[in-house]
Amino acid sequence: MPSALHEFDFDALFPVLERLSMASSPEDEHVLRIAAYGLHYFHKLSMLDGFRAYLRDADAPATDANLIEQEFVSMPDARQWLAQAQGQNVGALVRVAGRTHAVWREASGELTLVPSLTPQDLEKHQE
């Protein structure tokens, strides 16, 4: 029975990758070997928990509920938040008065809000 993406069994990955590589072309075998080394690298650096958290996010459906970081009633409220935001907010999606915006860094280094769309926004536009 398949499990959630983030609940993978690390030790079960390598026998599967080995079986796949034996039935693959040399080029595909090389790609599988690189993937195995990448996973082993995460394991050696004790990064599997972080990788599982990443997979949990990657496995989640892209809905407004998990894409929108902040919501604001007005643009002045959003700009006040933006003035206090640190660089880690670059790329974040926020909703201002019902419209989605992305946080971007201008050439000057200042953060700004750029109109953007979520998958749900696109669906609304297609209807």
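About the criteria used
- Residues numbered from 1 in each chain as written.
- Predicted model: local features only at pLDDT ≥ 70, side-chain atom pairs only at ≥ 80, totals over all residues.
- Heavy atoms only, no water.
- Helix = DSSP H or I, 4+ residues; strand = E, 2+ residues; numbered from the N terminus.
- Expected span 1.5 Å × (residues − 1).
- Buried < 20%, exposed > 50% of the residue type's maximum accessible area, 1.4 Å probe, protein only.
- Arc of directions from axis to C-beta.
- Pairing = 2+ DSSP bridges.
- Axes fitted to C-alpha atoms, helices over the stretch in contact; angles between N-to-C directions.
- Parallel < 35°, antiparallel > 145°, perpendicular 65-115°, else oblique.
- Left-handed = near helix turned anticlockwise from the far one by under 90°.
- Contact = heavy atoms within 4.5 Å.
- Nonpolar A, V, L, I, M, F, W, Y, C, P; charged D, E, K, R; others polar.
- Patch = residues over 30% accessible without salt bridge, like charges linked within 9 Å, V, L, I, M, F, W, Y side chains within 5 Å.
- Areas by Shrake-Rupley, 256 points an atom, 1.4 Å probe, with all protein chains shown as cover.
- Salt bridge = Lys/Arg side-chain N within 4 Å of Asp/Glu carboxyl O.
- pLDDT = per-residue confidence, 0-100.
- Phe/Tyr/Trp six-rings, centres within 6.5 Å; stacked < 30°, edge-to-face > 60°.
- Core = buried A, V, L, I, M, F, W, Y, C linked by side-chain atoms within 4.5 Å.

**Digging into helix H2 (residues 26-44)**
Logical step 1: With 19 residues, H2 ought to run about 27 Å at 1.5 Å a step, and its terminal C-alpha atoms sit 26 Å apart, in line with that.
Logical step 2: Turning to H2, its buried residues number three or more, namely Leu32, Ala36 and Leu39. The buried side chains of H2 occupy one side of the element, clustering within an arc of 60° when seen end-on. Of the exposed residues in H2, the ones pointing more than 90 degrees away from its buried face are Pro26, Glu27, His30, Val31, Tyr37, Tyr41 and Lys44.
Logical step 3: Taken from the residues just after H2, Ser46 is the one with a positive phi, measuring 55°.

**Considering the sheet that holds strand S1 (residues 68-72)**
Paired through backbone hydrogen bonds, the strands of a sheet run either parallel or antiparallel to each other.
Logical step 1: Here we have four strands laid out as an open sheet, ordered S1-S2-S3-S4, and mixed in their pairing. The two strands at the open ends of the sheet, each matched to only one other strand, are S1 and strand S4 (111-115). Across the sheet, the mean angle from the axis of one strand to that of its neighbour is 35°, orientation sign disregarded.
Logical step 2: Pairing of strand S2 (residues 93-96) with strand S3 (residues 99-105), which is carried by four bridges, proceeds in the antiparallel orientation. Looking at the pairing, Arg95 lines up with Thr100 of S3.

**Quick notes on the packing of helix H1 (residues 10-22) against H2**
Logical step 1: Between H1 and H2, whose axes approach to 10 Å, the crossing angle comes to 170°. In terms of axis orientation, H1 runs roughly antiparallel to H2. In terms of crossing hand, the pair formed by H1 and H2 is left-handed. In this structure, H1 contributes Phe10, Leu13, Phe14, Leu17, Leu20 and Ser21 to the contact, and H2 contributes Glu29, Leu32, Ala36, Leu39, His40 and His43.
Logical step 2: Grouping the amino acids of the contact of H1 with H2 by side-chain chemistry returns eight nonpolar, three polar and one charged.

**Structural notes on a nonpolar patch on the surface**
Logical step 1: Side chains of Tyr41, Leu45 and Met47 sit close together on the surface and give an oily, nonpolar patch of about 300 Å² of accessible area.
Logical step 2: On the accessibility criterion, Tyr41 (52% relative accessible area) is exposed.

**Let's talk about the confidence of the model for the chain**
Logical step 1: Averaged over all residues, the pLDDT of the chain is 81; the fraction at 70 or higher stands at 83%.
Logical step 2: At the level of individual helices and strands, the chain shows its lowest average pLDDT in helix H4 (residues 64-67), which scores 65, and its highest in helix H5 (residues 75-84), which scores 91.

**What to know about the packing of aromatic side chains**
Logical step 1: With the rule as written, the count across this model stands at two aromatic pairs.
Logical step 2: For the ring pair Phe10 and Phe14, a centre distance of 5.2 Å and an interplane angle of 80° mean the geometry is edge-to-face. Of the two residues, Phe10 and Phe14 are both situated in helix H1; the distance of four residues between them amounts to about one turn of the helix.
Logical step 3: With relative accessibility at 8%, the residue Phe10 sits in the buried group.
Logical step 4: On the basis of relative accessible area, Phe14 is assigned to the partly exposed category, the value being 26%.
Logical step 5: Arranged with centres 5.5 Å apart and planes meeting at 45°, the rings of Phe72 and Trp81 form a pair that is tilted.

**Some points on the nonpolar core**
Logical step 1: Phe72, Ala78, Trp81, Leu82, Ala85, Ala92, Val94, Val96, Val103, Leu111 and Leu113 form the largest nonpolar core, which has 11 residues in total.
Logical step 2: Looking at this core, the elements with two or more residues in it are H5, S2 and S4.
Logical step 3: Among the elements that take part in this core, H5 stands out by supplying three residues, more than any other.
Logical step 4: Phe8, Leu17, Leu39 and Phe51 belong to the second-largest nonpolar core, a separate cluster that totals nine residues.

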